[in-house]
Amino acid sequence: MSDAQLLPLLTRIAEALERLAPPPPGRLDLGAADAFVWHADPDRLEPVPSVNRVEIGLLRGVERQRDILLDNTTRFATGLPANNALLWGSRGMGKSSLVKSVHAAVAQDHPGTLALVEIHREDIPTLPRLLARLKDEPRRFILFCDDLSFDHDDAHYKSLKAVLEGGIEGRPENVVFYATSNRRHLMPRDMIENERSTAINPAEAVEEKVSLSDRFGLWLGFHNCDQPTYFAMIEGYAARFGLDIPAEQLRAEAVEWSVTRGSRSGRVAWQFIQDLAGRLEKPLR
């Protein structure tokens, strides 16, 4: 086949491929939503039209943590210096709920200034690319990683350390990082002890691991709640959603529910309320 015959054929093939290929994505308007999820491979920010969260006034037993995080977030939203925050402690005690509720409260008071961006733990190595995407935006962003922890042979923590404070560029002024974890130092105790027992210089090895949590200016601890706090959670939800049930019966059923779950926590309280609302045929809205 001659060049003159081959050229029209190649042109038709190229045109067909262009029709099959999706159009290149347009630049996302980061003012179009107040919350996004970061996805890697390919890198993209997906808007979240409605965030799954609890009203800040319904969070009980964490008033001190709420006030500290709310103050830090308000200062950040208004252009003042603010700290990265690590919310650590017992499961189900409202760590992630508090982050989302505080963001909603501050975003309501300061419309358009603050967005929440969730990043999954496995995407931590892509943080530099996300920061490069956000640093020139006029809005301010809370990067949020839920249930953050690192296990044996997991080097992702080095990427996070560099991003939080240790890199040449540092953290952009319009970004703070909030994380929740069941572990105060983000790593299991046996991992830290193993480093101490096998390293040539145990102190330096442990310091390398533990110093990650030092990058968070705020450490907010969450602990198991007592029964009065658990009752306050239950009664607050019941009043908010109009669940008409005698107080004595409400408490008795709440206790039975917690016994079957083997614990008392905000999560257990909310699960009980969902069950109760279903039995009473009342929507939770």
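Everything here concerns the structure above.
This report concerns the structure included in the present document. Given the structure is predicted, the values throughout are model-derived calculations rather than measurements.

## Some words on unusual backbone geometry
Reasoning step 1: Of note, the bond from Asp41 into Pro42 is cis; its omega dihedral lies within 30 degrees of zero at -5°.
Reasoning step 2: Tracing the chain through its elements places Pro42 in the loop between β1 (35-39) and β2 (44-47).
Reasoning step 3: Although it is not a glycine, Asp147 adopts a positive phi angle of roughly 55°.
Reasoning step 4: By the secondary structure assignment, Asp147 is in the loop between β5 (140-145) and α5 (156-166).
Reasoning step 5: A positive phi angle is found at Glu281, which is not glycine, with a value near 55°.
Reasoning step 6: Summarising the element assignment, Glu281 is placed in the segment after α10 (266-279).
Reasoning step 7: By relative accessible area, which is 71% here, Glu281 ends up exposed.

## Thoughts on the pattern of salt bridges
Reasoning step 1: What the rule picks out here adds up to nine salt bridges.
Reasoning step 2: Here Arg139 ties to Asp34 by a salt bridge, and the two come within 2.6 Å at their closest N and O atoms. Here Asp34 lies in the loop between α1 (3-20) and β1 and Arg139 lies in the loop between α4 (127-134) and β5, a separation of 105 residues in the sequence.
Reasoning step 3: Measuring nitrogen to oxygen at the nearest pair gives 3.1 Å for the salt bridge that ties Asp67 to Arg66.
Reasoning step 4: Given a relative accessible area of 41%, Asp67 falls into the partly exposed group.
Reasoning step 5: Judged by relative accessible area, which is 22%, Arg66 ranks as partly exposed.
Reasoning step 6: Taken together, the salt bridges that share partners define one network made up of Glu253, Asp275 and Arg279.

## Things to note about the packing of aromatic side chains
Reasoning step 1: Scanning all chains against the criterion turns up five aromatic pairs.
Reasoning step 2: Seen from their ring centres, Phe241 and Trp270 are 5.9 Å apart, and the 55° between their planes marks the pair as tilted. Linking Phe241 in the loop between α8 (227-240) and α9 (247-261) with Trp270 in helix α10, this pair joins segments that are 29 residues apart in sequence.
Reasoning step 3: Given the relative accessible area of 26%, Trp270 is considered partly exposed.
Reasoning step 4: Put simply, the rings of Tyr237, Phe241 and Trp270 touch in pairs and so form one group of aromatic residues.
Reasoning step 5: Positioned over the ring face of Trp257 is Arg261, at 3.8 Å from the centre of the ring.

## What to know about the pairing of strand β6 (residues 175-181)
Reasoning step 1: Burial of β6 is extensive: seven of the seven residues sit out of reach of the surface.
Reasoning step 2: Where burial is concerned, the two faces of β6 agree: the one with Val175, Phe177, Ala179 and Ser181 and the one with Val176, Tyr178 and Thr180 are both buried.
Reasoning step 3: Pairing analysis gives four bridges linking strand β3 (residues 85-89) to β6, with the strands arranged parallel. Considered in β6, the bridge of Leu87 is made with Thr180.
Reasoning step 4: Relative to β6, β5 is paired through five bridges, and the arrangement is parallel. The partner of Phe141 across the bridge, within β6, is Val175.

Cut-offs and rules
- Residues numbered from 1 in each chain as written.
- Predicted model: local features only at pLDDT ≥ 70, side-chain atom pairs only at ≥ 80, totals over all residues.
- Heavy atoms only, no water.
- Helix = DSSP H or I, 4+ residues; strand = E, 2+ residues; numbered from the N terminus.
- Buried < 20%, exposed > 50% of the residue type's maximum accessible area, 1.4 Å probe, protein only.
- Salt bridge = Lys/Arg side-chain N within 4 Å of Asp/Glu carboxyl O.
- Phe/Tyr/Trp six-rings, centres within 6.5 Å; stacked < 30°, edge-to-face > 60°.
- Lys NZ or Arg CZ within 6 Å of the ring centre and 35° of its normal.
- Pairing = 2+ DSSP bridges.

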